[in-house]
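One-letter residues, chain by chain:
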Amino acid sequence: MPLLDVRDLRRAFYGVTALDGVNLAVRRGTITGLIGPNGAGKTTLFNCVSGLIPPDAGRVIFDGVDVTGWPAHRMTARGLVRTFQIARGFPRLSVLENLVLYGARQPGETLWRAVARPPSVARRERELRHRAFDVAERLNLTPLLDMPASDLSGGQKKLLELGRALMTEPRLIMLDEPIAGVNPTLAARLAEHLRALRDAGITFLVIEHHLDVIARLCDPVIVMAEGRHLAEGTFAQVAADERVQAAYLGRRAATA
Amino acid sequence: MENYLVAMAVFAGLYALLALGLNVVWGMTGMINLGLVGFFGLGAYASALLTRAHRAPIVLGLAAAALVTAAAGAAMALTTARLRGDYLAIITLGFSEVVRLVASNELWLTNGTDGISGIPGPWRGRVTPQTFNVVYLAIVALAVLAVFALCQRIRSSPYGRVLRAIRDDDQVAAVAGKRVIVFKVQAFAVSAAILGLAGALWGHYTSFIAPDVFTPLVTIYVVLALTAGGTGNNVGAVLGAALVIFLMEATRFATGWVGMLKPVQVAALREALIGGALLVVLRVRPRGLLPERLARS
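Residues numbered from 1 in each chain as written. Chains lettered and ligands numbered in written order. Predicted model: local features only at pLDDT ≥ 70, side-chain atom pairs only at ≥ 80, totals over all residues. Heavy atoms only, no water.

A. Quick look at the pairing of strand S3 (residues 31-35) of chain A. All names here are of chain A. With respect to burial, S3 is a largely interior element, five of its five residues being buried. Across the two faces of S3 the burial is the same, with Ile31, Gly33 and Ile35 and Thr32 and Leu34 all buried. Alignment of S3 against strand S8 (residues 203-207), held across four bridges, turns out to be parallel. Each bridged residue has a counterpart across the sheet, and for Leu34 the counterpart in S8 is Ile207. Inspection of the sheet shows S3 paired to strand S9 (residues 221-225) by three bridges, in the parallel sense. Among the inter-strand pairings, Ile35 is bridged to a residue of S9, identified as Val223. (Buried < 20%, exposed > 50% of the residue type's maximum accessible area, 1.4 Å probe, protein only. Helix = DSSP H or I, 4+ residues; strand = E, 2+ residues; numbered from the N terminus. Pairing = 2+ DSSP bridges.)

Structure follows, in structure tokens:
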């Protein structure tokens, strides 16, 4: 049974079809790549699966449970978390706060406990801070913990997004262009982190336009075009696929 | 003169409550509320009607004012859950105008534009007006202190961290696992309760309320107070409120020294001076007198 199973997912915006019946599956323990030309529906797929927008039709099965149309906060609690294409987050929170915020089950996030402060609040806060320090250590963010997130470089913001996702104790992380705008050294290190995390048991679904990164990192690679699943296989296989080449480069006009 | 200063301190305290209330929803959560005077008025009427017509104790009136406005705030946050920015600004502004128009026209309940007079105050009539003034200042100071402590506790808690996250990006906050709507509704309710409490305290102090007390200008002054003091900072909210009251009163004297002006011109000059002074504050301190500070590890 795949970890994530998307069946015949459909979504249109004011009559424009973004997802036209997507079928795809993400196997456990893989770093699955998701590529396709602009407008193929990759980010819409992420939005529908992660609960930011509801799909019009179709099913999303996560770890055997039908989670179609669940809101984002429930998906995250369930173990599916996503990042954003343009590093989004909380610029006016410190890096540490950004991380700790993503921790689950903080009783101090209810109003009366925030005011009354039973011991459970401080206890959980210590646990979450400890976890945040570990995550920061792993991603080399420790020296930046006290900085406002707005002061980070583009690459550091991408690392922080990954770190925040890790704070949720996820089983599947969906990364939307994690390498975009990141310098090559940091990109290589990010890839290293992903491999290590995969070996630690986390599954990844990665949208990325840098095909060299996809080639080195992802297996299998899924190709989307025009709102559908077009091809799947190793990078070499899909790169050799004529349909994929046509989707990226356009078809030669049929000549009689 | 002493009485005057005490009275100004009371009004500064009430403005501080308004600024603290606005800070919960705008400063911490990033939701616009341009109708805060509506909650202020709603609280004032709720407590005045209850204590005057039904002879309820003032404490009960204050509690009822907070509850009624909290419910109104929660209802507003629920109905506008999908709106942001400009739209929320319009709806909240409309709400405050509705409150004022209902108060002006529902004569059976509010006595219309004539207002409600004879609102009881604690020990009013049994002590000298001077003593009443001082006692009331103590009550308002206590209220400011209690609300300030509450706001500080909320701000520094994990709960406050979620509010500040929602302020930056509510979609990402949802991805972080937070039920954004619950936080927004609660923040709006808490904020509205504080505004309503301020309104009730206003009525019991002045003993008279009428619809024209609750005009949009009050909202603007409170927004200016919070902005000048430091949006997001509770100390800044109190300081900004004191500053606005000081400017309002200082300009009253300053314009008195200028001769040969008609009363209308004096009033216009005062507002221009207040506006100018706040412009200077924000030019020198763009993030307010006391900018919000980042939590350190």
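There's more to say after this.
B. Region of the structure containing the sheet that holds strand S2 (residues 16-26) of chain A. Residue and element names in this part refer to chain A. The strand order S2-S1-S4-S5 describes an open sheet built from four strands, whose pairing is antiparallel. Each of the sheet's edge strands pairs with one partner strand only, and the pair in question is S2 and strand S5 (65-66). In terms of strand pairing, strand S1 (residues 4-13) meets S2 through eight bridges, oriented antiparallel. Paired with Arg10 across the strands is Asp20, a residue of S2.

C. Summary view of the pairing of S9(A). Residues and elements named next belong to chain A. Judged by how many residues are buried, S9 sits mostly within the fold: five of five residues are covered. A two-sided burial pattern is seen for S9, the buried positions comprising Val221, Val223 and Ala225 on one face and Ile222 and Met224 on the other. Pairing geometry for S9 and strand S10 (residues 228-233), over five bridges, is antiparallel. Residue Ala225 lies in a different strand from S10, and its bridge partner there is Arg228.

D. Just the interface of chain A and chain B, in detail. At the junction of the two partners, chain A supplies 36 residues and chain B supplies 30 residues. Across the chain A/chain B interface, buried area totals approximately 3100 Å², and carbon plus sulfur atoms make up 59% of it. Between Arg161(B) and Glu125(A) there is a salt bridge, with the nearest N and O atoms lying 2.6 Å from each other. Linking chain A with chain B are 14 residue pairs in polar contact (both at pLDDT 80 or more), by the criterion used here. Elements that contribute at least two residues to the side of chain A that touches chain B include exactly helix H2 (72-78), strand S6 (80-82), helix H3 (95-101), helix H4 (111-116) and helix H5 (119-138) of chain A. Here the residues of the side of chain A that touches chain B are counted per class, giving 18 nonpolar, eight polar and ten charged. (Contact = heavy atoms within 4.5 Å. Buried area = accessible area lost by both parts, 1.4 Å probe. Salt bridge = Lys/Arg side-chain N within 4 Å of Asp/Glu carboxyl O. Polar contact = N/O pair within 3.5 Å; in protein donor to acceptor, adjacent residues only side chain to side chain. Nonpolar A, V, L, I, M, F, W, Y, C, P; charged D, E, K, R; others polar.)

E. Main features of empty space enclosed by the protein. Residue and element names in this part refer to chain A. Within the structure shown, the criterion is met by two cavities of 30 Å³ or more. For the largest cavity, the calculated volume is near 60 Å³. Contributing to the lining of the largest cavity are Thr83, Phe84, Lys158, Glu161, Leu162, Leu175, Asp176, Pro178, Leu190 and Leu194. Contributions of two or more residues to the lining of the largest cavity are made by helix H6 (154-167), strand S7 (172-176) and helix H7 (184-199). (1 Å grid on protein atoms, 1.4 Å probe; cavity = no way out; pocket = protein on both sides within 12 Å on 5 of 7 lines; lining within 4 Å. Points joined across faces, edges and corners; volume = space filled by probe spheres on them.)

F. The arrangement of the packing of aromatic side chains in detail. Residues and elements named next belong to chain B. Summed over all chains, the structure comprises twelve aromatic pairs over all chains. Taking the centre distance of 5.0 Å and the plane angle of 55 degrees together, the rings of Phe11 and Trp202 count as tilted. Residue Phe11 is located in helix H1 (residues 2-28), and its partner Trp202 is located in helix H9 (residues 180-206); the two are separated by 191 residues in the primary sequence. The burial state of Phe11 is the same as that of Trp202; both residues are buried. Relative to Tyr205, the ring of Phe11 lies with its centre 5.6 Å away and its plane at 80 degrees, an arrangement referred to as edge-to-face. Separated by 194 residues along the polypeptide, Phe11 in helix H1 and Tyr205 in helix H9 bring together distant segments of the chain. Here Tyr205 falls in the buried class, since its relative accessible area comes to 9%. (Phe/Tyr/Trp six-rings, centres within 6.5 Å; stacked < 30°, edge-to-face > 60°.)

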